[in-house]
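Descriptive structure summary
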Amino acid sequence: MSNSTSKSRKSRKGIGLREIILVTLFSVLTFVISMITAIPFASSVMLQLYAGYALMAIISGPVYVLMISKSSKTGTQILFFGVKALYFLLMGQVLTGVIFLAAGCICEAICLNDGYHKPLRAGAAYALHTTVYGLGSFFPVIILGDKYAQGLIDKGYAEETVGTMVNTYRNPVIVITVILMLVVTSAIGMFIGYLLMKKQFAPAGIVDMKAAIRYLRYNSAQLPAGDTDKIVVTGTS
């Protein structure tokens with residue numbers, strides 16, 4: 001059985017207990033990262049939308065790449081989104097929670113049929129994740145409109161603060177630029193993640209094989225026979 005076929009079959013299997021624990025931890029970790037990266041920019045809505053979320057997308061990228069390398073089974077994306085959806089539901093943000101669950105299903109569909117092992121499709125799923133998370137505050141304002149704004153005022157929020165938020169989140173230019181920024185920074189985060197994975201988490205078998213080939217070529221003069229420029233390697237998973 002080839003290695004690619006093995007990976008494909010593995011990705012089609014349902015998520016197990018080990019993967020559930022791992023994905024939950026990774027989802028919580030990315031959520032914590034989003035909270036931490038927002039702190040330096042908390043004084044400005046605009047800075048938080050652009051700088052805070054951009055930093056989140058870049059830093060969380062390697063975490064996401066590591067997660068899908070450890071769990072590439074069906075259900076990973078739904079659980080990854082589902083953990084955050086549960087948080088929003090518990091906080092009373094039902095609309096945002098439902099949108100997260102729907103986005104998780106879309107990303108799972110994107111990653112079906114070995115999509116977890118295809119950087120473009122896995123990256124598209126991550127970009128959708130960061131975009132949905134970044135626009136999480138927009139959804140109630142855009143969809144519920146004045147009713148949502150009035151609800152915030154009734155809860156004690158200052159009218160000026162609510163008015164600024166509504167005007168910001170309803171501005172199509174801001175919405176479009178935030179989406180574009182999140183897509184670009186998600187791609188940067190994924191790129192960094194794949195570079196780190198390639199450098200720090202290369203499969204041990206490949207590392208050992210390369211070391212053995214280097215050893216043979218370095219000591220080629222001492223070998224009794226054979227041509228170290230013609231080495232054939234084979235194996236099964």
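Residues numbered from 1 in each chain as written. Predicted model: local features only at pLDDT ≥ 70, side-chain atom pairs only at ≥ 80, totals over all residues. Heavy atoms only, no water.

With that settled, consider the overall build of the chain. Counting secondary structure elements, the chain contains 11 helices and zero strands. Traced from its N-terminal end to its C-terminal end, the chain shows the element sequence α-α-α-α-α-α-α-α-α-α-α. Taking all 237 residues of the chain together, the buried fraction comes to 38%. Nonlocal contacts in the chain, meaning residues at least 24 apart in sequence, comprise 73% of its contacts between residues at least 6 apart. As displayed, the chain has an accessible area near 13,700 Å², and 67% of this comes from carbon and sulfur atoms. (Helix = DSSP H or I, 4+ residues; strand = E, 2+ residues; numbered from the N terminus. Buried < 20%, exposed > 50% of the residue type's maximum accessible area, 1.4 Å probe, protein only. Contact = heavy atoms within 4.5 Å. Areas by Shrake-Rupley, 256 points an atom, 1.4 Å probe, with all protein chains shown as cover.)

With that settled, the discussion passes to the pattern of salt bridges. For the structure shown, the criterion picks out two salt bridges. Put simply, Glu19 and Arg18 hold a salt bridge, and the shortest N to O gap is 3.6 Å. Under the relative-accessibility criterion, Glu19 is labelled buried at 8%. Since its relative accessible area comes to 49%, Arg18 is described here as partly exposed. As a salt-bridge pair, Lys73 and Glu19 come within 3.4 Å of each other at their nearest N and O atoms. Here the residue Lys73 occupies a position in the loop between helix 3 (45-70) and helix 4 (76-90), and Glu19 occupies one in helix 2 (residues 17-38), the gap between them amounting to 54 residues. Within the structure, one salt-bridge network assembled from shared partners comprises Arg18, Glu19 and Lys73. (Salt bridge = Lys/Arg side-chain N within 4 Å of Asp/Glu carboxyl O.)

Next up on the list: the side chain of Thr130. Here Thr130 shows up in helix 6 (residues 119-134). Overall, the relative accessible area of 1% leaves Thr130 in the buried class. Other than its neighbours up to four places away in sequence, Thr130 contacts Met56, Ala57, Leu182 and Ser186.

Inspection of every chain in the model, using the stated rule, returns 11 aromatic pairs. When the ring of Phe81 is compared with that of Phe100, the centres are 6.1 Å apart and the planes differ by 55 degrees; the resulting orientation is tilted. Remark: Phe100 occurs in helix 5 (residues 94-110) and Phe81 occurs in helix 4; sequence separation between them is 19 residues. Like Phe100, Phe81 is buried. A ring pair is formed by Tyr87 and Phe88, whose centres lie 5.4 Å apart and whose planes are at 70 degrees; its orientation type is edge-to-face. Judged by its relative accessible area of 32%, Tyr87 is partly exposed. Members of the aromatic cluster, joined through ring pairs, are Phe31, Tyr53, Tyr64, Phe80, Phe81, Tyr87, Phe88, Phe100, Tyr126 and Tyr133. (Phe/Tyr/Trp six-rings, centres within 6.5 Å; stacked < 30°, edge-to-face > 60°.)

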